[in-house]
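Summary of the model geometry
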Amino acid sequence: MKKTKKKSNKKTGQPHADSAKKWFRGGLFLVIFTFLLFSPSLKYEFVNWDDDVNIYENSNVVRFDVKGIFSDHVIGNYNPLSTLTFAIEYRFAGESPWLYHLNNLLLHIFCTLLVFMLMRKMGLSFLVAFLVALLFGIHPMRTESVVWITERKDVLFGAFYLLSLIFYTDYVRQKKGWLFVLSLGMFTLSLLAKIQAVALAPTLLLMDYWFSRHLDRKLILEKIPFFLLALATGIVGIWFLRQQGSLDAGSSFPILQRLFIGSYSFVVYSLKAFVPWEMSAIYPYPEKISALFYLSMVPALAIISIPFIKFRSNKILTYGILFFLFNIVFLLQVVGAGQGFLADRFTYIPYVGLFLIVAKTTEIVTDKMHRQRAFIYSVLTGYLILLSFGTYSRTKVWQNSETLWTDVIEKYPDTPLPYNNLGHYLRRQNQPERALENYNKAIQLKPDKSKTYNNRGKIYFDRGDIDKALADYNKAIELEPNFANALANRGSVYGVKQEWEKALNDFNKALELDPLNSSALSNRAFVWFQQKEYHKSIADFSKYLSVKPNDPDVINTIGLCHLYLNEYEKALTEFNRSIQLDATKGAFFLNRSLALNAMNDKKNALLDAQRAEQLGFKVNAGYLNHLKQ
C-alpha cells in the first residue's frame with residue numbers, strides 16, 4: 001500500500017494538513033509561556049515616564065470625559081482609543097496599577113496568538129508559524145511595549161492591526177466584501193490606538209504580493225480607503241505633535257544629517273532583532289553625528305536593495321524585509337519627534353517581517369541538513385532561552401521609576417532627563433535629600449530646563465526654604481513664561497507669605513493656561529477661604545474634585561465653607577463624605593461636631609467631639625462642657 005503525501009488546499013491557500021491538536025497545543029504553549037515571562041510586571045508600579053500624564057493626571061481619564069478623550073491629545077500624541085481603555089480601567093482600579101499591567105499583558109498575548117493565526121492563514125507550516133509567534137511573544141524588545149503601561153498604544157494598535165491583516169487575508173482568499181469592510185474597520189480602530197498603524201496601508205499591497213495578486217489599477221483603487229484614512233490620521237498626528245512642540249526635538253540637525261540618523265536607526269533595529277543588547281528607555285540624540293552614522297547608509301541600502309534583487313526569486317526575503325521596512329520607515333526620526341532617536345517599542349509590529357525570515361530559514365536549513373537537525377534545534381533552543389532570560393531580566397528594570405531611571409543613568413550618565421525624573425520619584429517617596437541631589441545634577445547638565453527648577457522648588461517649599469523655592473519658581477517662569485505648574489507653585493509661595501494679590505495673579509494666569517490645573521485650583525480655593533470668599537472657594541474646590549475626586553481634605557474644607565455660610569445641612573453632607581473616605585482624622589470629626597451642634601443635635605455632636613479627642617485632636621474644654629450640659 002503506497003503512502004500518500006498530504007497536500008495543501010490550493011483553493012483556499014490553507015497550510016498543510018497539520019492536526020488541529022498540534023495548532024491548539026502550540027497556541028496554548030504561547031499563551032502560558034508568554035504570560036509567565038511577563039507576569040512579574042503585574043506587581044510593578046506606574047512610572048513617571050508619561051504614566052502620570054496619560055492616566056491619573058489626565059482629567060479626561062479621571063472624569064471619564066469621552067468627548068475630551070476623542071478631541072484632545074496627550075503631550076502631542078492622539079491615541080483616543082488607548083486613552084479610553086485607561087478611563088475604563090480607572091473606573092475600576094483608580095490609581096492601582098495592577099489592572100493596567102494585566103490588560104497590557106493580555107493584549108500582548110492576544111497579539112502573539114494573532115501572529116500565529118496570521119502565519120497559518122498565509123499558508124506557512126506549523127514550525128514557521130510557531131517560531132514567528134514565539135519570537136514575537138518573548139523577544140526582549142517587546143518589554144517596553146508590554147511592561148510600560150503608557151505603551152498600551154502598542155499592544156492595542158497591534159491587536160487591531162493584526163486583525164485587519166487577518167480579515168484582509170481572508171478577503172483575498174474568499175473574495176467576500178464583508179471581510180474587506182471588517183479589515184477596514186479594524187484598521188480604523190488601530191489608527192485610533194496609535195498613529196503608527198498608518199503603515200498598514202502599504203503593507204496590504206505587500207499582502208497582495210504574497211498571494212501573487214496582479215498589481216493593476218483595480219488593486220490600487222481597492223486600497224484607496226486605507227490610504228485616505230492613513231493620510232488623514234498622519235496629518236492629524238503631525239498637527240498635534242507640532243502643537244505640542246515635539247517636532248522640534250532634535251531639529252538642530254540639518255535634513256541631510258537626519259537621513260543618516262534614519263539609516264543608523266534602521267541598521268540598529270535590524271541588528272537588535274537578532275542580538276537585542278543594550279536596551280534603554282531613552283536613547284538620547286548625540287551631540288554631533290559621528291562617522292558611524294554616515295557609514296550606516298551602506299548596510300541600510302544593502303538591506304533595502306535585497307527585495308528588489310530577490311523580488312521574483314525569493315518571496316520570503318522580499319516580504320520579510322519589506323514588511324519590516326514599511327512598518328519602521330515612519331519611525332526612523334528623519335523628521336524628529338520626541339527626545340530620543342531610537343525606541344524599542346517602535347519594533348513591535350515591524351519585527352514580524354524579520355522573524356518570518358528567521359523562522360523560514362530555520363525550516364529550510366533543517367530540511368536540507370537532516371543529520372544536523374538535532375544540533376540545529378539545540379542551538380535554536382539555546383538562543384530562545386537566552387532571549388527569554390533577556391526579556392525576564394529586562395522587565396525588572398520597569399519595576400518602578402527608581403529602577404527605570406537608575407538604569408538609564410548607568411547607560412547615559414550625561415543625560416539630564418533621568419536625573420530629573422528620578423528626583424521627582426524620590427521626592428514622592430519622602431527622600432528629599434536624594435531628590436535634591438538628582439535635581440542639582442540635572443540642572444548642572446542642562447541649566448535651561450524650566451521643569452527641573454520647578455521640581456527643585458518643590459523640595460525647598462516642602463522643607464520651608466521659601467526664598468529658595470521662590471527663586472527656583474522665578475527661574476522656571478523666566479525660562480518658560482507660560483509654565484502653568486510653576487505659576488501655580490509660585491502662587492503657593494506668595495500664599496505662605498500672605499501676599500494674597502500676587503498669589504491670586506499667579507493662580508489666575510495658571511488657570512487661564514490650564515483651566516483644570518489641580519494645584520492652581522486647590523491653592524486658589526484656599527486663598528479664597530482665607531479671605532472668607534466661601535462661595536468662590538467652594539467653586540474652585542468643586543472644580544478641583546472633578547479632576548481629583550475623593551480628596552477627603554478638600555471635601556472637608558468645602559464642608560467648612562458651608563458651615564461658615566450657615567448652610568448646616570450641606571456642611572454635614574460634606575463632613576460625612578470626608579469621614580467616610582478617611583476616618584482617622586480628628587479634625588474631620590470635630591468639624592462635623594460643630595455642624596451637629598449648630599443643628600441642635602448636641603448628643604451626636606458630643607460623640608464626634610469625643611471621637612476627635614480619641615484620635616489625638618485637641619478639643620476646647622469649654623466646647624466639650626457646653627455639649628455635656
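Report on the accompanying structure. (Residues numbered from 1 in each chain as written. Predicted model: local features only at pLDDT ≥ 70, side-chain atom pairs only at ≥ 80, totals over all residues. Heavy atoms only, no water.)

Moving on, we get to the overall build of the protein chain. Each helix and strand in the protein chain was counted, giving 33 helices and two strands. Dimensions along the principal axes, computed over C-alpha positions, put the protein chain at roughly 110 × 55 × 50 Å. Across the 629 residues in the protein chain, those meeting the buried criterion constitute 54%. Surface summary for the protein chain: the accessible area is close to 29700 Å², and the carbon and sulfur share equals 59%. Mean positive and mean negative side-chain charge positions of the protein chain (72 and 52 charges, respectively) differ by 14 Å. (Helix = DSSP H or I, 4+ residues; strand = E, 2+ residues; numbered from the N terminus. Buried < 20%, exposed > 50% of the residue type's maximum accessible area, 1.4 Å probe, protein only. Areas by Shrake-Rupley, 256 points an atom, 1.4 Å probe, with all protein chains shown as cover. Lys, Arg positive; Asp, Glu negative; His and termini not counted. Charge placed at Lys NZ, Arg CZ, Asp CG, Glu CD.)

A separate point is helix α6 (residues 98-121). In this model α6 runs 35 Å from its N-terminal to its C-terminal C-alpha over 24 residues, within 8% of the 34 Å that 1.5 Å per residue would give. In the stretch just after α6, G123 is the one whose phi turns positive, near 90 degrees. (Expected span 1.5 Å × (residues − 1).)

Attention now goes to the packing of aromatic side chains. Under the defined criterion, the tally for this structure stands at 35 aromatic pairs. Ring geometry for W148 versus W398: centroids 5.4 Å apart, planes at 25 degrees, classification stacked. Residue W148 is found in the loop between α8 (143-147) and α9 (152-174), and its partner W398 is found in the loop between α19 (373-396) and α20 (401-411); the two are separated by 250 residues along the sequence. W398 carries the same exposure label as W148, and that label is buried. Here the aromatic rings of F529 and Y534 are separated by 5.6 Å at their centres, their planes lie at 70 degrees, and the arrangement is edge-to-face. Through pairs of rings, three or more aromatic residues link up here, namely W23, F29, F33, F116, F126 and F130. For R142, the ring lying beneath its charged end belongs to F136, and the centroid distance is 5.2 Å. For the cation-ring pair, K315 lies above Y209, with the distance from its terminal atom to the ring centre recorded as 5.5 Å. (Phe/Tyr/Trp six-rings, centres within 6.5 Å; stacked < 30°, edge-to-face > 60°. Lys NZ or Arg CZ within 6 Å of the ring centre and 35° of its normal.)

Inspection of the entire model under this criterion finds 32 salt bridges. R524 serves as the salt-bridge partner of D540, at 2.6 Å between the closest nitrogen and oxygen. Of this pair, D540 sits in helix α28 (residues 534-547) while R524 is found in helix α27 (residues 518-530), placing the two residues 16 residues apart along the sequence. Residues D540 and R524 agree in their burial class; the two are buried. A salt bridge links R577 to E574, with the nearest nitrogen and oxygen atoms 3.0 Å apart. Taken together, the positions of R577 and E574, both in helix α30 (residues 568-581) and three residues apart, correspond to about one turn of that helix. On the accessibility criterion, R577 (32% relative accessible area) is partly exposed. (Salt bridge = Lys/Arg side-chain N within 4 Å of Asp/Glu carboxyl O.)

Glancing now at a nonpolar patch on the surface. Together, F24, L28, I32 and L36 make up an exposed nonpolar region whose accessible area comes to about 410 Å². Within the element layout of this structure, F24 appears in helix α1 (residues 20-38). (Patch = residues over 30% accessible without salt bridge, like charges linked within 9 Å, V, L, I, M, F, W, Y side chains within 5 Å.)

The next point concerns the environment of S39. Inspection of the secondary structure assignment puts S39 in the loop between α1 and α2 (51-54). S39 gets classed as partly exposed once you look at its relative accessible area, which sits at 22%. Distance in space between the C-alpha atoms of S39 and T361 is 31 Å, their sequence separation being 322 residues. Engagement of the side chain of S39 in a polar contact is seen with the backbone oxygen of L36, the distance being 2.9 Å. (Polar contact = N/O pair within 3.5 Å; in protein donor to acceptor, adjacent residues only side chain to side chain.)

This next bit is on helix α25 (residues 484-496). Its 13 residues place the ends of α25 19 Å apart at the C-alpha level, agreeing with the 18 Å of an ideal helix rising 1.5 Å per residue. Within α25, 11 of the 13 residues are buried, which leaves it mostly tucked inside the rest of the structure. Inspection of α25 places A484, A486, L487, A488, N489, R490, G491, S492, V493, Y494 and G495 among the buried residues, and these make up the whole buried set. Contacts made by the buried residues of α25 are with α23 (450-462), α24 (466-479), α26 (500-513) and α27. Remark: Q498 follows α25 within two positions and exhibits a positive phi of approximately 60 degrees. (Contact = heavy atoms within 4.5 Å.)

What follows concerns the packing of helix α29 (residues 552-564) against α30. Between α29 and α30, the least distance of the axes is 8 Å, while the angle of their chain directions is 165 degrees. In terms of axis orientation, α29 runs roughly antiparallel to α30. Between α29 and α30 lies a crossing of left-handed hand. Packed against α29, whose contacting residues are P552, I555, N556, I558, G559, L560, H562 and L563, the element α30 presents Y568, K570, A571, E574, F575, R577, S578 and L581 at the interface. For the contact of α29 with α30, the per-class residue count stands at nine nonpolar, four polar and three charged. (Axes fitted to C-alpha atoms, helices over the stretch in contact; angles between N-to-C directions. Parallel < 35°, antiparallel > 145°, perpendicular 65-115°, else oblique. Left-handed = near helix turned anticlockwise from the far one by under 90°. Nonpolar A, V, L, I, M, F, W, Y, C, P; charged D, E, K, R; others polar.)

A separate point is unusual backbone geometry. Phi at N430 takes a positive value of approximately 60 degrees, unusual for a residue other than glycine. Tracing the backbone through its elements, the reader meets N430 in the loop between α21 (416-428) and α22 (432-445). Residue N430 is classed as exposed on the basis of its relative accessible area, which comes to 67%.

Along the chain, the position of A291 falls in helix α15 (residues 291-295). Counting along the chain gives 31 residues from A291 to F260, while the straight-line C-alpha distance between them is 9.9 Å.

Side chains of nonpolar character tend, in soluble globular proteins, to be buried together. Core analysis: the largest hydrophobic core is formed by 179 residues, its most contacted members being W49, I55, M119, V132, Y319 and W398. No other element matches α9, which puts 14 residues into this core. In this structure, M119 is in contact with L124, A129, V132, V352 and L356, ignoring residues within four places of it in sequence. In terms of nonpolar packing, the next biggest core, distinct from the first, is built from 14 residues, F589, A605, L606 and V619 among them. (Core = buried A, V, L, I, M, F, W, Y, C linked by side-chain atoms within 4.5 Å.)

Moving on: the packing of α25 against α27. Interhelical geometry of α25 versus α27 gives an angle of 20 degrees and a closest axis separation of 8 Å. If you check the angle between α25 and α27, you find them roughly parallel. As for how α25 packs across α27, the hand of that crossing is left-handed. Of the residues in α27, those touching α25 at A488, N489 and S492 are S519, A520 and N523. When grouped by side-chain class, the residues that make up the contact of α25 with α27 number two nonpolar, four polar and no charged.

Inspection of the secondary structure puts L436 in helix α22. In sequence terms L436 and L426 are 10 residues apart; their C-alpha atoms lie 8.8 Å from each other. The residues touching L436, leaving out its near neighbours within four places in the chain, are R456, I459, Y460 and R463.

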